[in-house]
There are 2 protein chains.
Amino acid sequence: MAKVLFKPQNKEIEGEIGENLLELARKTDIFIDAPCNGSQSCGKCKVKLLEGKCDSEKSIHISDEELDQGYILACATKITEDIVIGVPSKLSSSMHGMKIEGSDKKVDKKLFDRGRQLLEDNDLSYSSNIVKQYIELDKPSLDDNISDVDRLERHVRQCAGIPGIDFRVDVLRKITKVLREEDFKVTLTYLKKKNKITILNIEAGNTEEKLYGLAIDIGTTSVVVCLVNLITNEVIEKASSGNSQIKYGADVINRIVFAVRKNNIELMRKAIVDDTLNPLMESIYEKTGVEKDNVVRVVLSGNTTMSTLFLGIYPDYLRLEPYIPPFLKSPNLMGENVGLNVNGSALVYLAPNVASYVGGDITAGVLSAGIWASEENTLFIDLGTNGEIVFGNKDFMMCCACSAGPAFEGGGIGCGMRASAGAIEKVDIDKDTLQPKLTIIGDCDPAGICGSGIIDLICQMLLKGVIDRRGKIQRESNNRRIRFNEHEIGEYVLAFKEDYEELENDLVVDEIDIDSFIRAKGAIYSGASVLIESLGMDFEVIDKVYIAGGIGNNLDIENSILIGLLPDVDRSKFQYIGNSSLVGSYLTLISSDARHKLEEIGSEMTYVELSVYPTYMDEFVSACFLPHTNIDQFPTVKDLLD
Amino acid sequence: MAKVLFKPQNKEIEGEIGENLLELARKTDIFIDAPCNGSQSCGKCKVKLLEGKCDSEKSIHISDEELDQGYILACATKITEDIVIGVPSKLSSSMHGMKIEGSDKKVDKKLFDRGRQLLEDNDLSYSSNIVKQYIELDKPSLDDNISDVDRLERHVRQCAGIPGIDFRVDVLRKITKVLREEDFKVTLTYLKKKNKITILNIEAGNTEEKLYGLAIDIGTTSVVVCLVNLITNEVIEKASSGNSQIKYGADVINRIVFAVRKNNIELMRKAIVDDTLNPLMESIYEKTGVEKDNVVRVVLSGNTTMSTLFLGIYPDYLRLEPYIPPFLKSPNLMGENVGLNVNGSALVYLAPNVASYVGGDITAGVLSAGIWASEENTLFIDLGTNGEIVFGNKDFMMCCACSAGPAFEGGGIGCGMRASAGAIEKVDIDKDTLQPKLTIIGDCDPAGICGSGIIDLICQMLLKGVIDRRGKIQRESNNRRIRFNEHEIGEYVLAFKEDYEELENDLVVDEIDIDSFIRAKGAIYSGASVLIESLGMDFEVIDKVYIAGGIGNNLDIENSILIGLLPDVDRSKFQYIGNSSLVGSYLTLISSDARHKLEEIGSEMTYVELSVYPTYMDEFVSACFLPHTNIDQFPTVKDLLD
């Protein structure tokens with residue numbers, strides 16, 4: 001055995017000789033970013049050996065200079081003796097204070113209001129099958145000594161004509177005391193079915209106004225929970241955090257691989273339920289004083305992998321041909337079945353999946369976008385950790401998934417990071433000096449670059465001649481920001497370490513990064529292109545483009561078109577709709593009509609499997625260019641570049 | 001803090017100065033019998049202080065001689081320093097190897113066969129709504145890539161025409177792997193409802209023959225679990241043990257008092273579920289190789305307090321006027337709701353209660369006795385820890401409860417004990433020497449006397465002139481077995497300590513013991529008498545007397561009549577029907593018709609509250625005589641005594 005002390009957290013753990021350093025960090029709950037889940041391919045789990053020796057493999061992600069300074073990849077390191085490890089502050093803090101889209105209350109309100117307006121415009125009602133009712137029972141006596149349950153049943157039968165009542169065990173456990181607390185005056189919370197009601201809760205006195213639900217978006221990267229008053233349909237509190245599963249891999253493929261290895265499924269389920277959702281809910285309850293027994297309905301939307309792991313289901317067949325998801329429609333679930341910290345028999349509903357790579361986040365997003373209600377041909381693009389695209393209108397809907405990877409959330413790029421403090425979110429390059437003007441999140445030195453920053457950067461580099469349309473850095477420059485390494489790989493320096501106190505290394509973007517990003521944007525564009533083409537149409541038929549997902553808020557549409565991420569259509573057609581998955585959850589929570597609509601969307605949407613679609617590969621290759629091999633598809637960009 | 005070491009178990013626990021010794025023993029899981037639950041009234045928690053000092057109250061249950069030897073009552077003792085406590089072996093072992101009626105396989109089989117015959121004679125079918133079915137699904141491909149759940153649904157819909165399927169989360173968790181284990185050939189276990197089935201289990205290959213249920217009797221004192229093959233309806237294994245709640249009190253009143261104190265309800269629930277039932281089930285699974293997921297139905301019968309505590313419901317109102325039980329009919333329960341170690345969605349059913357003191361053990365007992373099917377006027381007496389009495393035939397049924405206490409199970413009497421090794425179960429007294437001839441359970445020295453032994457003893461003492469009809473010991477004798485203490489209380493010596501190696505004190509029965517027993521038998525007799533009288537009838541109308549309960553097997557009918565426990569009717573009318581509660585559970589388990597019949601019994605049986613019945617007190621007082629104040633009610637005894 002040997003000890004590992006992590007700094008600055010000062011957490012120590014003992015591990016066996018030969019044990020993997022990344023795995024040990026995970027056991028201690030030290031967060032080390034590892035998007036590739038320890039396959040040594042991303043280079044993000046770089047840590048510094050401060051004391052002692054270890055057995056670390058060489059990596060292309062560690063420069064000679066870094067090697068001298070003691071940098072190692074945690075995933076490529078086995079422990080051999082007691083060591084002290086320095087965890088870069090950028091990494092350790094990237095889960096905290098993560099900037100999550102739409103946390104601005106005003107933006108939120110607008111989006112939720114827009115969703116409700118959509119329901120109203122389309123005559124979808126807010127009716128619910130869960131009701132609270134205050135009742136006053138006859139008091140027991142020797143002459144009227146029926147059981148407590150029978151007394152309640154008698155009252156409900158006589159007053160409401162309902163013949164059958166089911167009682168949850170939890171309710172039975174408190175019924176005898178609660179009945180006597182305020183002299184047999186109680187409020188029931190119950191679920192109405194045809195000839196039966198199920199009592200979900202019983203409270204002393206009149207508490208008819210306390211009825212709540214949760215709308216939840218489980219993103220691969222971040223998770224948002226909204227507490228909703230089910231009487232007024234208002235969102236009364238919201239909390240968000242990173243998805244705790246992130247330490248086991250950045251994208252769904254890595255999560256699946258990790259989950260099925262050593263049967264880690266339960267670990268993954270707990271990471272989302274116990275370590276992410278329940279703490280968020282707890283914080284909301286504490287802030288609002290709402291009791292969990294009054295939270296009786298939950299709607300969650302997440303991609304197919306997220307919903308599979310949320311239920312603790314073996315996920316491997318999602319990623320293996322022929323890509324079979326375990327389920328599409330939500331099973332009938334109750335709070336206690338899924339371990340959520342709500343009323344044990346709260347109705348828990350998952351937005352329906354369409355296929356292995358188009359999940360409930362997309363059906364919920366489409367619900368809130370309102371494509372189903374409109375005659376306009378609408379393109380819906382979700383730029384999350386995965387890219388999903390929907391095209392259609394009220395008569396038809398097609399969808400596909402693009403393996404874009406986490407590029408738009410700062411993944412797959414050397415100095416990429418999530419949109420948290422220190423992230424460069426906007427870049428403008430001076431055409432003469434090639435000096436970049438950086439906009440950084442938070443009042444601090446730059447630590448990396450996030451999705452919207454990368455789009456700006458690539459666009460600027462193209463416009464200012466730093467790179468050509470293939471993404472290659474121009475060889476002729478002798479600007480000090482343009483450098484080439486021993487393998488002739490070019491790089492552009494965003495920030496020199498000597499210019500910033502807290503920067504340990506130069507912040508650079510190299511040709512490998514650029515290539516990686518171009519492939520991601522090419523996947524999105526070609527996905528949309530093929531989807532529309534499969535209907536015998538082209539981008540000209542588009543009336544509307546909705547951009548959803550975490551990146552959206554800061555996304556520069558003009559720049560995105562310029563690099564060929566988004567199609568070159570009239571800018572007025574674009575609309576950012578925020579976390580549409582969350583809004584869809586919310587609408588499903590407050591309206592059973594909306595839920596039926598959501599199920600309709602899920603079952604009627606046609607999924608196109610791009611990987612087997614004949615022309616997709618060609619389209620993709622053509623799109624891996626700035627903006628595209630066929631620049632005629634981007635007339636305004638053509639004009640600009642000319 | 002101070003340490004207490006319990007011998008011979010060698011268990012040590014630390015307690016606070018001033019902490020109660022009995023409570024400490026309970027925390028260490030040392031079993032010290034305490035029928036009165038620590039109220040210092042029964043004297044059963046006698047232990048020996050081996051080392052150290054403690055603060056112990058004086059008790060009438062500790063003689064001067066015992067005091068000198070270091071005996072103390074655990075419930076009357078506070079700890080003040082480190083001590084060593086000797087736990088009498090009789091007590092520590094009385095929970096183990098407890099002789100439970102009917103563990104004889106032949107007797108069992110006869111009783112279960114009799115029950116099945118009853119169903120068949122009355123055209124109650126064995127149909128069930130839980131089915132196993134082997135199916136072969138189409139294998140998935142890129143052209144047929146619907147989800148696993150949809151594939152199953154499609155098959156079931158197409159083959160069985162069932163539109164709706166519900167999946168338990170547990171089933172979803174294994175569905176993806178199980179489907180692929182034997183090439184999409186699986187066996188479903190499902191519950192049929194009207195237009196819907198709920199999948200309870202999925203297994204690879206054909207396992208249609210593996211379908212099991214449990215019939216359980218939760219007695220206040222002992223618990224029996226039977227594993228039943230639901231295909232053949234055979235009982236394939238049986239296990240029994242003491243009810244672990246017993247350390248918190250011998251009878252239901254003491255259990256209730258303990259449960260509501262300090263909110264011990266969850267402790268009581270765990271005592272029966274986690275410490276009693278689940279270990280019994282585990283032992284059965286281990287012995288038979290049956291998997292718990294194949295155990296899909298459970299029927300339990302127990303008195304109202306037992307079923308209340310089994311569900312963890314606050315029980316106090318059962319014992320407080322107007323004696324309101326929390327429920328009568330079984331709520332809809334599943335395995336996972338109640339914590340039983342069976343399939344999570346196994347249907348769990350509790351035999352219906354009639355009132356606070358006539359519970360599911362009696363309705364189940366009446367079901368198996370077949371009173372509902374017969375024209376004969378039948379008296380049904382359950383001699384368990386409580387005494388319950390039913391009188392009726394197929395047209396009507398009346399019932400009542402007698403607070404007989406645990407007398408028939410060895411409680412309430414100085415040297416009383418349960419029917420385990422060392423218990424005197426038969427007594428014959430020589431009329432000249434007054435020397436008793438003892439029949440002892442197990443090949444060992446006598447340690448105490450059990451219920452059937454006490455009946456024999458009282459009867460023999462009466463016949464041989466040791467006591468008179470009031471239960472008073474004759475003052476004129478100078479036999480050395482008859483003694484009087486300083487308070488002039490007489491006692492009869494069953495066994496002198498010098499005659500037996502392992503006996504630490506003389507085994508005696510004194511006038512207080514006899515009085516206590518006479519009150520118990522008087523309660524039963526007067527209860528039966530009043531119940532029949534309330535219909536304007538008398539014992540002459542009785543066609544049949546069924547004796548049920550743990551005592552029954554060894555009960556001497558003749559002696560029981562002689563002391564006035566049972567009515568003096570033709571001996572051929574008596575029949576012992578064993579653990580009728582267990583047999584009733586079994587019948588309910590294998591036949592839904594029987595379950596309906598049981599519910600009918602529960603709802604139609606009329607409960608007579610003896611405590612408010614006008615003539616009951618007089619009847620009771622008259623019955624507290626051997627055999628009765630009015631000996632004309634016992635003509636054969638009158639002849640004998642004359």
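Preceding this paragraph is the structure being described.
Quick caveat: nothing in here was measured; it's all calculated off a predicted structure. (Residues numbered from 1 in each chain as written. Chains lettered and ligands numbered in written order. Predicted model: local features only at pLDDT ≥ 70, side-chain atom pairs only at ≥ 80, totals over all residues. Heavy atoms only, no water.)

Participant: Looking at this structure, how should I read the overall build of chain A?
Facilitator: When helices and strands are tallied, chain A shows 18 helices and 29 strands. Against the globule reference of 26 Å for 642 residues, chain A gives a C-alpha radius of gyration of 27 Å, in line with a compact fold. With respect to the principal axes defined by its C-alpha atoms, chain A has extents near 100 × 65 × 45 Å. Taken over 642 residues, chain A has a buried fraction of 60%. (Helix = DSSP H or I, 4+ residues; strand = E, 2+ residues; numbered from the N terminus. Rg over C-alpha atoms; globule rule 2.2 N^0.38 Å. Buried < 20%, exposed > 50% of the residue type's maximum accessible area, 1.4 Å probe, protein only.)

Participant: For this particular structure, what's the right way to read the relation of the copies chain A and chain B?
Facilitator: For the pair of chain copies, the relating transformation is a rotation about an axis with a translation along it. Taken as rigid bodies, chain A and chain B are interconverted by a rotation of 180° and an axial shift of 0.1 Å, the fit giving an RMSD of 0.2 Å. Within this description, the copies of the chain are treated as partners about a two-fold rotation axis. (Least-squares fit on C-alpha atoms with pLDDT ≥ 70 in both.)

Participant: Explain the pairing of strand β19 (residues 387–393) of chain B here, please?
Facilitator: Residue and element names in this part refer to chain B. Across the 7 residues that make up β19, a large majority, 7, are buried. Alternating residues of β19 divide into G387, I389, F391 and N393 and E388, V390 and G392, and every residue in both groups is buried. Where strand β18 (residues 378–383) meets β19, 6 bridges bridge the pair, whose relative direction is antiparallel. Bridge pairing in β19 links T378 to G392. Pairing geometry for β19 and strand β20 (residues 396–402), over 7 bridges, is antiparallel. Opposite I389, over in β20, you have C400 as the bridge partner. Counting the residues in the hairpin turn of β19 and β20 gives 2 residues. (Pairing = 2+ DSSP bridges.)

Participant: Got a minute to help me understand the sheet that holds strand β13 (residues 222–229) of chain A in this structure?
Facilitator: Residues and elements named next belong to chain A. Within the open sheet, the 6 strands sit side by side as β14-β13-β12-β15-β17-β16. Their pairing is mixed. Looking at strand neighbours, the two that pair on one side only are β14 (235–242) and β16 (333–334), the edges of this open sheet. Here β16 runs beside strand β17 (residues 347–350); their pairing, made up of 2 bridges, is antiparallel. Across the sheet, the residue bridging to M334 is L347, located in β17.

Participant: When you look at the interface of chain A and chain B in this model, what are you seeing that I'm missing?
Facilitator: By a frequent convention, interface size equals the accessible area lost on bringing the separate parts together. Listed by partner, the interface residues are 41 residues for chain A and 41 residues for chain B. Summed over both sides, the interface of chain A with chain B buries roughly 3,600 Å², with 60% coming from carbon and sulfur. Looking only at chain A, the three residues that lose the most surface to chain B are A:L142, A:R173 and A:I324, adding up to 16% of its buried area. The tally of links from chain A across to chain B stands at 2 salt bridges. For the salt bridge of A:E153 with B:K329, the shortest nitrogen-to-oxygen distance reads 3.6 Å. At the boundary of chain A with chain B, the tally comes to 15 residue pairs in polar contact (both at pLDDT 80 or more). (Contact = heavy atoms within 4.5 Å. Buried area = accessible area lost by both parts, 1.4 Å probe. Salt bridge = Lys/Arg side-chain N within 4 Å of Asp/Glu carboxyl O. Polar contact = N/O pair within 3.5 Å; in protein donor to acceptor, adjacent residues only side chain to side chain.)

Participant: Explain the sheet that holds strand β22 (residues 436–440) of chain A here, please?
Facilitator: All names here are of chain A. With mixed pairing, 3 strands are arranged side by side in an open sheet as β22-β21-β23. Strand pairing shows two members of the sheet lacking a second neighbour, β22 and β23 (448–449), which therefore form its edges. The sheet contact formed by strand β21 (residues 423–429) and β22 spans 5 bridges and is antiparallel. The residue of β22 that forms the bridge with I424 is I440.

Participant: I would appreciate a short explanation of the packing of helix α4 (residues 105–121) of chain A against helix α15 (residues 580–590) of chain A in the present structure.
Facilitator: Packed helices, taken two at a time, are described by the angle between their axes plus the distance between the axes. Residue and element names in this part refer to chain A. Relative orientation of the contacting elements α4 and α15 amounts to 50°, with a least axis distance of 10 Å. Put simply, α4 runs oblique to α15. Regarding α4 and α15, the two cross each other, and that crossing is right-handed. Residues L111, F112, G115, R116 and L119 of α4 form the contact with α15, whose participating residues are L582, V583, Y586, L587 and I590. A per-class count over the contact of α4 with α15 returns 8 nonpolar, 1 polar and 1 charged. (Axes fitted to C-alpha atoms, helices over the stretch in contact; angles between N-to-C directions. Parallel < 35°, antiparallel > 145°, perpendicular 65-115°, else oblique. Left-handed = near helix turned anticlockwise from the far one by under 90°. Nonpolar A, V, L, I, M, F, W, Y, C, P; charged D, E, K, R; others polar.)

Participant: What is the right way to read the packing of aromatic side chains from this model?
Facilitator: Two descriptors summarise a pair of aromatic rings, namely the distance from one centre to the other and the angle between the planes of the rings. Enumeration according to the criterion identifies 16 aromatic pairs over all chains in this entry. With 4.4 Å between their ring centres and 10° between their planes, A:Y248 and A:F258 make a pair best called stacked. Placement of the pair is A:Y248 in the loop between β14 and α7 (252–260) and A:F258 in helix α7, with a sequence separation of 10 residues. A residue is classified by how much of its surface remains accessible, and A:F258, at 3% relative accessible area, is buried. A ring pair is formed by A:F408 and A:F517, whose centres lie 5.6 Å apart and whose planes are at 75°; its orientation type is edge-to-face. Here A:F408 is found in the loop between β20 (396–402) and β21, whereas its partner A:F517 is found in helix α13 (residues 511–533), with 109 residues between them in sequence. The ring of A:Y317 carries B:R180 above its face, with NZ or CZ at 3.8 Å from the centroid. (Phe/Tyr/Trp six-rings, centres within 6.5 Å; stacked < 30°, edge-to-face > 60°. Lys NZ or Arg CZ within 6 Å of the ring centre and 35° of its normal.)

Participant: How do you make sense of unusual backbone geometry when you look at a structure like this?
Facilitator: The peptide bond linking A:L626 to A:P627 adopts the cis configuration, its omega dihedral lying at -10°. Its location among the elements puts A:P627 in the loop between α17 (616–623) and α18 (635–641). B:E321 connects to B:P322 through a cis peptide bond whose omega is 5°. One non-glycine residue, A:L434, adopts positive backbone phi at about 60°. Structurally, A:L434 can be placed in the loop between β21 and β22. In this structure, B:Y323 takes a positive phi of about 55° despite not being glycine. Topologically, B:Y323 is positioned in the loop between α9 (304–310) and β16 (333–334).

Participant: How do you make sense of the side chain of A:D217 when you look at a structure like this?
Facilitator: Residue and element names in this part refer to chain A. For D217, the location among the structural elements is in strand β12 (residues 212–218). In this structure, D217 is buried with no salt-bridge partner, the nearest side chain bearing the opposite charge being K238 at 8.8 Å. Here the side chain of D217 touches N579 through a polar contact of 3.0 Å, side chain to side chain. Not counting chain neighbours up to four residues away, the residues in contact with D217 comprise S222, V223, V224, S301, N579, S581 and L582. (Lys, Arg positive; Asp, Glu negative; His and termini not counted.)

Participant: Sorry, what's going on with the side chain of B:N579 here?
Facilitator: The residue B:N579 is located in the loop between β28 (574–578) and α15 (580–590) in this model. In terms of polar contacts, B:N579 uses its side chain to reach the backbone amide nitrogen of B:L582, at 3.0 Å.

Participant: Would you mind going over helix α12 (residues 451–463) of chain A with me for this structure?
Facilitator: For an α-helix the count is 3.6 residues per turn, leaving residues at separations of three or four pointing the same way. Residues and elements named next belong to chain A. An ideal rise of 1.5 Å per residue puts 18 Å on 13 residues; α12 measures up with 18 Å between its terminal C-alpha atoms. The element α12 is largely enclosed, with a buried count of 12 among its 13 residues. All buried positions along α12 are accounted for by G451, S452, G453, I454, I455, D456, L457, I458, C459, Q460, M461 and L462. G465, located one to two residues past α12, shows a positive phi value of around 75°. (Expected span 1.5 Å × (residues − 1).)

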